[in-house]
Amino acid sequence: MPGIGKTTTAIHLAHKLIDQYPDGQLYINLHGFDENDAALTAEEALQNLIMGLGVDQGSIPAGRQAMAGMYRTLLSGRKVLVVLDNARDIDQVSDLLPGAAGCLTLVTSRRRLTWLRATAGAHVISLDLPDRQQARSYLAPYIGHDRIADDSHVIDAIIDQCGRLPLALAIVGVRAASYPTLSMNELLADLSAAPERLDAWQSDGVPGGVRAIFATSYRQLSAAAARMFRLLSLHPGADLTGPIAASLAAVPTRVAHAAMQEIQQVGLMREDRPGRFSWHNLVRSYAGELRDELEPSLEQQRAMERLLLHYWHTASKAPRRHEPSLEAPPWSPESPGVTQQVFPDAEAALSWFESEQHTYHSMIRYAAEHQYAEIAWRLAYALRPYQQLRARWQDWLDLATVVLQAVQHADNAQGAAYTHHSIAGALYWHARFDEALEHLDSAGRLFEQLGLARATAHLPLSTAQVLVETGRLPEAYEHAHRAQRLLRAQGDERGEAKAWYFIAVTHIGEGSVEDAREPLESAIKGSRRAGDPVGEGAALSLLGDTLKQAGNYEQALRNYERSLDLQREAGHVVNLSDGYLSLAECHLALGDEEAAEDLCARALTLVPALALANSPAGIHMRALMEQGRLPLVHGGTGE
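Residues numbered from 1 in each chain as written. Predicted model: local features only at pLDDT ≥ 70, side-chain atom pairs only at ≥ 80, totals over all residues. Heavy atoms only, no water.

Asker: How do you make sense of the nonpolar core when you look at a structure like this?
Answerer: Across soluble globular proteins, you tend to see nonpolar side chains buried next to one another. In this structure, Phe229 and Leu232 are the most contacted members of the largest nonpolar core, which totals 150 residues. Among the elements that line this core, the one with the most residues is helix 18 (residues 373–389), at 11 residues. Not counting chain neighbours up to four residues away, the residues in contact with Leu232 comprise Leu240, Ala245, Leu248, Met260, Ile263, Met269 and Trp279. Listed in part, the 26 residues of the second largest apolar core include Leu46, Leu75, Val82 and Leu84. (Core = buried A, V, L, I, M, F, W, Y, C linked by side-chain atoms within 4.5 Å. Buried < 20%, exposed > 50% of the residue type's maximum accessible area, 1.4 Å probe, protein only. Helix = DSSP H or I, 4+ residues; strand = E, 2+ residues; numbered from the N terminus. Contact = heavy atoms within 4.5 Å.)

The structure is reproduced here in structure tokens:
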């Protein structure tokens, strides 16, 4: 990467090794990526190196092969350290390698030059950005250790503004040293307030600042890769994949991947793991400047539309281990140039959503703020099952609230209906039950007005779930029973099984365990037929509750353990946590306090704020602890 300190590192290492190479040291700048100087040819470099070994220019033979032969002969049997700095490619350096056993060559380049590993046995080292402590040490010679200690929080903010890039840190350090009366707060304010992001990183010692350094790599790109580089700056995430890039540029994935590899080759991106690329925030700013200068606004708008559709297609069509109770109605927008991310299985899809969650948040907010209300609500609604599985309830509520404002502003009644339903779900997990019921009422009115029969059938099911938590069991029973009839008429076996589950819950809550057996059996069998591991697991857990209440702890344990297997299969961390708590109660009743405490700790590891959160599972745990039915444990290390 430009500005990461390759030359400084190589020279520092050469000084450390100087005693091991007593016959001399050679240094040459190959100008592979310089702004004004043309890259040296291999012949020019060989001539300079041979002259550095004491040979007159007139004695040097003509021709690359002859010069390379003389160079290697001169180094044979000697211990010489050679630094080949700023190499453009392998062809430029291949004949500059001594080949002598006693010599060491250090090569720096923005390209990885990995082929040298195969052809010359080279060890390839990729420099990483310094950590925060190392970044402070970069600034210390300019600012002084005392000022760094006195203004540590401000210094850390300056380091963050620089993205820990050594060149940016050096430029800022020189600026601070040049103006000793400038406070660190003032320096930070200047960096943050620069009208153009990169204007703050200018220096007399580096003409054009970091912008010019990045430009030397950018000019190496083909036209297609340069366009890709500019458009990638529209993406708000920390890293991205080939299908994302393909959608931005409206090209096939293989073309997008080739362009990203080319961008990586000149040091402007890095491939952190196969198929996933990232770049420095200052490089992103440089790409954004070029985009605004060279890409028409209409093309930028279309690229963002393709990106929004990429994320919607990916979210709505990815394989899932747990299907939501209510899906959004089908939607088939025209999507020319859009490439969907494809997953081999549900586990890979879940991992993708974990990596992309912050990008999804940014895309949903962008859509809501830029009159893309239809995409905004559908994106948010498609993301909901993953937020539930991973207990991201606050994200769920925040995004749905933003989307509701957008769809209402756009008079999008369908979007408003489904978003009210979504907000109710998020409020349920926050134990804000009265508010959840208000949003369900709003959703129900809109579903009926729009003639959405399946959604209308689901409303009493959602309402029953909330009413159970408020203790209004007779009302919950009526809603669950109505949902069961409506969902059977819709042919929705998964939904009907959930309705049977809540019918059983109401019976058990009113002390009629015997009346709960038949609906509970229907819930288990229906969930199993519908391929719903979460629903089947919840029903088995409820069956375990009835057995536990009857004192049949061994049978209860078997049901809880089967339930946990299903919740683990679905990746539902909240239900897993609740299952661990139920198991803990059984073990405690059987006198095994150590096992109970371990299970409570595992529950908190999955959802560390569980004991404090205003969620049904959190309320459950607090109540058990307050009753002395579970040992007190402290938070874990999970998300």
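Back to the write-up after that little detour.
Asker: It is not clear to me how the sheet that holds strand 4 (residues 239–241) should be interpreted in this structure. Could you clarify?
Answerer: Where strands meet in a sheet, backbone hydrogen bonds hold them as pairs that are either parallel or antiparallel. Here we have 3 strands laid out as an open sheet, ordered 4-6-5, and antiparallel in their pairing. The open sheet terminates on both sides in strands that have one partner only, identified here as strand 4 and strand 5 (270–273). Strand-to-strand twist of the sheet, defined as the mean angle between neighbouring strand axes without regard to direction, takes the value 40°. Two elements, strand 4 and strand 6 (residues 276–278), share 3 bridges in a ladder whose sense is antiparallel. Of the residues in strand 6, the one forming a bridge with Thr241 is Arg276. Each of strand 4, strand 5 and strand 6 touches helix 17 (residues 346–369); the most contacted strand, strand 6, lies at about 15° to it. (Pairing = 2+ DSSP bridges. Axes fitted to C-alpha atoms, helices over the stretch in contact; angles between N-to-C directions.)

Asker: Sorry, what's going on with the sheet that holds strand 1 (residues 25–29) here?
Answerer: With parallel pairing, 3 strands are arranged side by side in an open sheet as 1-2-3. Single-partner strands in this sheet number two, and they are strand 1 and strand 3 (104–109). On average, adjacent strands in this sheet sit at an angle of 10° to one another, irrespective of strand direction. Packing against the sheet, helix 2 (residues 42–52) makes contact with strand 1 and strand 2 (81–87), and its axis sits at approximately 155° to strand 1.

Asker: Explain the side chain of Thr463 here, please?
Answerer: Mapping Thr463 onto the fold places it in helix 22 (residues 453–470). For Thr463, a relative accessible area of 12% puts it in the buried group. Polar side-chain contacts of Thr463 include one of 2.9 Å to the backbone oxygen of Leu459. The contact partners of Thr463, leaving out residues within four places of it in the chain, are Leu437, Leu440 and His479. (Polar contact = N/O pair within 3.5 Å; in protein donor to acceptor, adjacent residues only side chain to side chain.)

Asker: Looking at this model, I keep getting lost on the pattern of salt bridges. Mind explaining?
Answerer: Pairing between side chains becomes possible if they bear opposite charge and their charged atoms approach one another. The full count for this structure, using the stated rule, is 36 salt bridges. We note a salt bridge from Asp91 to Arg64, for which the minimum N-O separation is 3.6 Å. Here Arg64 lies in helix 3 (residues 64–75) and Asp91 lies in helix 4 (residues 90–93), a separation of 27 residues in the sequence. One network of salt bridges, with partners in common, ties together Arg64, Arg72, Asp91 and Asp95. (Salt bridge = Lys/Arg side-chain N within 4 Å of Asp/Glu carboxyl O.)

Asker: Would you take a moment to explain helix 27 (residues 553–570) for this structure?
Answerer: Spacing of three or four residues puts side chains on the same side of an α-helix, whose turn is 3.6 residues. Its 18 residues give helix 27 an end-to-end C-alpha distance of 25 Å, which sits within 8% of 26 Å, the value for a rise of 1.5 Å per residue. Restricting attention to buried positions, one finds in helix 27 the residues Ala556, Leu557, Asn559, Tyr560, Ser563, Leu564, Leu566, Gln567 and Ala570. On its buried side, helix 27 packs onto helix 18, helix 26 (533–549) and helix 28 (573–589). Gly571 sits one or two residues past helix 27 and shows a positive phi near 75°. (Expected span 1.5 Å × (residues − 1).)

Asker: Looking at this model, I keep getting lost on the packing of aromatic side chains. Mind explaining?
Answerer: The way to describe two aromatic rings as a pair is by their centre distance and the angle between their planes. For the structure shown, the criterion picks out 21 aromatic pairs. Residues Phe229 and Trp279 carry aromatic rings whose centres are separated by 5.5 Å and whose planes lie at 85° to one another, so their mutual orientation is edge-to-face. In this pair, Phe229 is assigned in helix 12 (residues 223–232) and Trp279 in the loop between strand 6 and helix 15 (281–294), connecting sequence segments 50 residues apart. For the pair formed by Phe229 and Trp279, the shared burial category is buried. The interplanar angle of 15° and the centroid separation of 5.4 Å between the aromatic rings of Trp377 and Tyr418 together place this pair among those described as stacked. Separated by 41 residues along the polypeptide, Trp377 in helix 18 and Tyr418 in helix 20 (residues 413–429) bring together distant segments of the chain. The pair formed by Trp377 and Tyr418 is uniform in burial state, with each residue classed as buried. Put simply, the rings of Tyr311, Phe343, Trp352, Phe353, Tyr360 and Tyr386 pair up and form one aromatic cluster. (Phe/Tyr/Trp six-rings, centres within 6.5 Å; stacked < 30°, edge-to-face > 60°.)

Asker: Before we go on, may I ask you to explain the packing of helix 17 against helix 18 in this structure?
Answerer: In a packed pair of helices, the relevant descriptors are the angle between the two axes and the axis-to-axis distance. Between helix 17 and helix 18, the shortest axis-to-axis distance is 10 Å and the interhelical angle comes to 150°. Regarding the angle of helix 17 to helix 18, the classification is roughly antiparallel. Here the hand of the crossing between helix 17 and helix 18 comes out left-handed. Across the interface between the two elements, Leu350, Phe353, Tyr360, His361, Met363, Ile364, Ala367 and Ala368 of helix 17 pack against Ala373, Ala376, Leu379, Ala380, Leu383, Tyr386, Gln387 and Leu389 of helix 18. (Parallel < 35°, antiparallel > 145°, perpendicular 65-115°, else oblique. Left-handed = near helix turned anticlockwise from the far one by under 90°.)

Asker: Is there a simple way to explain the side chain of His235 in this structure?
Answerer: Relative to the helices and strands, His235 is located in the loop between helix 12 and strand 4. His235 sits in the buried class, given a relative accessible area of 1%. In this structure the side chain of His235 is engaged in a polar contact, spanning 3.1 Å, whose partner is the backbone nitrogen of Gly237. Sequence-distant contacts of His235, that is, excluding residues within four places in its chain, are made with Leu240, Ile244, Leu248, Arg284, Leu307, Tyr311, Glu356 and Thr359.

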